[in-house]
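Listed below, chain by chain, are the residues.
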Amino acid sequence: MNELRSILHKITTRPIYQLALFTIFLFGCSDEDIDIAELRGTIVEGATVSLSCEYIFQTDGGRYFVPTFLPAQYKQNGALVFIKGEILDELSDCANLIGDGAFIRIEQISTAN
C-alpha cells in the first residue's frame, strides 16, 4: 500500500508526469464535433435502382445514402421522410462512382407529409 502511495505521489508531483497526465486527459476527453445533417428524401429499395443495398435514402437533391440502421416501419419503397443523421466518411459496398453511397447514421427519422 505504501508503495502504491509513493508511486501516486511521484506521478502527481513531478512536472513531466503532470504534463503526461494532462496530455492523456486532453486527448482522451476530446470530443470531435459530429456534423448532423437534416435531409428530406425518399426511402428506396436498392434493387429498384440496380443497387445491392437493401434500402437507400435518396435526398430531394438526388444524392443517396445508405442507412446503417433503418427502423422497420420506414422500410417502405417510396416513403417520404425527414432524417437527421451523421454522414459517415465511409462508402457502402453499393456506392457508385460519383461519390454517392456514403453511410448515414440516423439519429432521428420521421415521415414527411
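Check the entry above for the structure.
The rules behind each value
- Residues numbered from 1 in each chain as written.
- Predicted model: local features only at pLDDT ≥ 70, side-chain atom pairs only at ≥ 80, totals over all residues.
- Heavy atoms only, no water.
- Helix = DSSP H or I, 4+ residues; strand = E, 2+ residues; numbered from the N terminus.
- Buried < 20%, exposed > 50% of the residue type's maximum accessible area, 1.4 Å probe, protein only.
- Contact = heavy atoms within 4.5 Å.
- Areas by Shrake-Rupley, 256 points an atom, 1.4 Å probe, with all protein chains shown as cover.
- Pairing = 2+ DSSP bridges.
- Salt bridge = Lys/Arg side-chain N within 4 Å of Asp/Glu carboxyl O.
- Axes fitted to C-alpha atoms, helices over the stretch in contact; angles between N-to-C directions.

Enquirer: Just checking my understanding: could you explain the overall build of the chain for this structure?
Expert: For the chain, the count of helices and strands is two helices and five strands. When the helices and strands of the chain are placed in sequence order, the string is α-α-β-β-β-β-β. Residues counted as buried form 29% of the 113 residues belonging to the chain. Partitioning the intrachain contacts of the chain with sequence separation of at least 6 by distance along the chain shows that 52% fall at a separation of at least 24. About 8,200 Å² of surface is accessible on the chain, with carbon and sulfur atoms providing 55% of the total.

Enquirer: How should I be thinking about the environment of Ala102 in this particular structure?
Expert: On the secondary structure map, Ala102 appears in strand β5 (residues 102-111). Through-space distance from the C-alpha of Ala102 to that of Ile87 is 6.9 Å; in sequence the pair is 15 residues apart. Once residues lying within four places of it in the same chain are set aside, the contact partners of Ala102 are Tyr64, Phe65, Val66, Ile87, Leu88, Glu90 and Leu91.

Enquirer: Is there a simple way to explain the pairing of strand β3 (residues 64-67) in this structure?
Expert: Burial along β3 is two-sided: the residues Tyr64 and Val66 and Phe65 and Pro67 are all buried. Relative to β3, strand β2 (residues 55-59) runs antiparallel, the two being bridged by two bridges. Note on β3: the bridge partner recorded for Phe57 is Phe65. Two successive antiparallel strands, β2 and β3, enclose a turn made up of four residues, where Gly62 displays a positive phi of approximately 100°. Examined bridge by bridge, β3 and β5 share three bridges and lie parallel to one another.

Enquirer: Could you clarify how one ought to interpret the environment of Leu39 in this entry?
Expert: With respect to the helices and strands, Leu39 occurs in strand β1 (residues 36-45). Sequence separation between Leu39 and Gln58 is 19 residues, and the spatial gap between their C-alpha atoms is 9.4 Å. Each residue touching Leu39, except ones within four places of it in the same chain, is listed here: Phe57, Thr59, Phe65, Val81, Phe82, Ile83, Ile87 and Ile104.

Enquirer: Would you explain the pattern of salt bridges in this entry?
Expert: Close approach of charged atoms allows side chains with opposite charge to pair. According to the stated counting rule, one finds four salt bridges in the structure shown. Across the salt bridge formed by Arg105 and Glu86, the nearest N and O atoms sit 2.7 Å from each other. Of this pair, Arg105 sits in strand β5 while Glu86 sits in strand β4 (residues 79-91), and the two are 19 residues apart along the sequence.

Enquirer: Hey, could you run me through the sheet that holds β5 in this one?
Expert: Paired through their backbone hydrogen bonds, the strands of a sheet run either parallel or antiparallel. Taken in spatial order, the five strands of this closed barrel run β1-β2-β3-β5-β4, and their pairing is mixed. If you compare each strand with its neighbour and ignore which way they point, the axes differ by 55° on average.

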